Amino acid sequence: MAPLVLVACSGGADSMALASALAFEAPRLGVRAGGITVDHGLQPGSDLRAAEVVQRMRELGLDPAESVAVTVGREGGPEAAARDARYAALDAAAERHGARAVLLGHTRDDQAETVLLGLARGSGIRSLSGMAAVSGAGGRYRRPFLQLDRQTARKACMVQSLPVWDDPHNTDPSYTRSRLRHEGLPALEKALGKGVVEALARTAQLSRDDADALDAWASRAEAGVRDADGGLECAGLHALPPAVRRRVLRRAAIEAGAPAGSLFARHIEEVDRLITGWRGQGAINLPGKVVARRQGGRLVIRQG
């Protein structure tokens, strides 16, 4: 049987254009094409809109085409909670149908917004690298529209007379990304001229290349600063370049149980001071109930 590729389709212009493109290309590539829409249940009538999206996907020839309802929690704020619920649903759908890949309709404009959000958080070069073209376990998630601008996707829907749904959350100023999209980026383009989106997308790719190289260096360096008991030797850490050392510390914190999404640059900087600014300070509390402390020339990072 031919491998199955799913498209995550919200009904918006970007994902509808992607669904149509997948339906067109699948027979030529020898793959089966299906679609999933996630009903977040955050607006009245969301179940009806999800059913409409399923019908549109079926009209394009996608099979399977289904809606998955999720419950959105509150952890990390509304945008992060919705994203976590959505990806969990997409993962489950991919497993259930045995899909080889899940396509996401993120565009170059989405990439530019992601870079600016990372810059605002001050989380380092990895945040500036934006979204990867391929991500997820085993490279499950693919973003073929990252080099395509949002307006082109919308025009593609217009040319094909594909009905699209504009999510009101995308224009709601209570959401950070919405404010950035409708106020921040236009202000930057007014001040700096056209081409800001393209420049930010290039920054994402360059930053990703740099971050990948530093991550590989940190992975090799970590083995050299671990002692026989798995602790980290402070002297060895101190000798590493700061960018490499902080990556080693971040990896160690995540391995100890700190959630990657809650671990910010300020946390790693505090741990780093146990190496570079040691004055007998106490333990550092990290997200996930992880604690970092210096003990006799060793750095110990573990839960509790």
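Residues numbered from 1 in each chain as written. Predicted model: local features only at pLDDT ≥ 70, side-chain atom pairs only at ≥ 80, totals over all residues. Heavy atoms only, no water.

Engineer: Explain the overall build of the protein to me, please; I cannot follow it from the model alone.
Structural biologist: Scanning the protein from N- to C-terminus turns up 11 helices and 10 strands. C-alpha atoms of the protein, sized along the principal axes, occupy 70 × 50 × 40 Å. The buried share of the protein, reckoned over its 304 residues, is 43%. Long-range contacts, defined here as pairs at least 24 residues apart, represent 64% of the contacts in the protein between residues at least 6 apart. Within the protein, the 35 negative side-chain charges are centred at a point lying 4 Å from the centre of the 41 positive side-chain charges. (Helix = DSSP H or I, 4+ residues; strand = E, 2+ residues; numbered from the N terminus. Buried < 20%, exposed > 50% of the residue type's maximum accessible area, 1.4 Å probe, protein only. Contact = heavy atoms within 4.5 Å. Lys, Arg positive; Asp, Glu negative; His and termini not counted. Charge placed at Lys NZ, Arg CZ, Asp CG, Glu CD.)

Engineer: Explain the nonpolar core here, please?
Structural biologist: Looking at soluble globular proteins, one finds that nonpolar side chains tend to be buried together. Grouped together as the largest cluster of nonpolar side chains are 25 residues, with contacts concentrated most on L232, L237, V271, L286, L299 and I301. Taken together, the elements giving at least two residues each to this core come down to α8 (196-225), α9 (234-239), α10 (242-255), α11 (265-276), β8 (284-286), β9 (290-295) and β10 (298-303). The element contributing the most residues to this core is α10, with 5 residues. In this structure, I301 is in contact with L232, L249, A252, A253, A256, V271, V290, V291 and A292, ignoring residues within four places of it in sequence. (Core = buried A, V, L, I, M, F, W, Y, C linked by side-chain atoms within 4.5 Å.)

Engineer: Any chance you could explain the packing of helix α4 (residues 108-121) against helix α7 (residues 176-192) here in plain terms?
Structural biologist: In a pair of packed helices, the angle between the axes and the distance between the axes together describe the arrangement. For the pair α4 and α7, interaxial distance at closest approach is 10 Å and the crossing angle is 95 degrees. In terms of axis orientation, α4 runs roughly perpendicular to α7. Residues D110, E113, T114, L116 and L117 of α4 touch α7, and the partners they reach there are T176, R177, L180, R181, L185 and L188. For the contact of α4 with α7, a count of residues per class yields 5 nonpolar, 2 polar and 4 charged. (Axes fitted to C-alpha atoms, helices over the stretch in contact; angles between N-to-C directions. Parallel < 35°, antiparallel > 145°, perpendicular 65-115°, else oblique. Nonpolar A, V, L, I, M, F, W, Y, C, P; charged D, E, K, R; others polar.)

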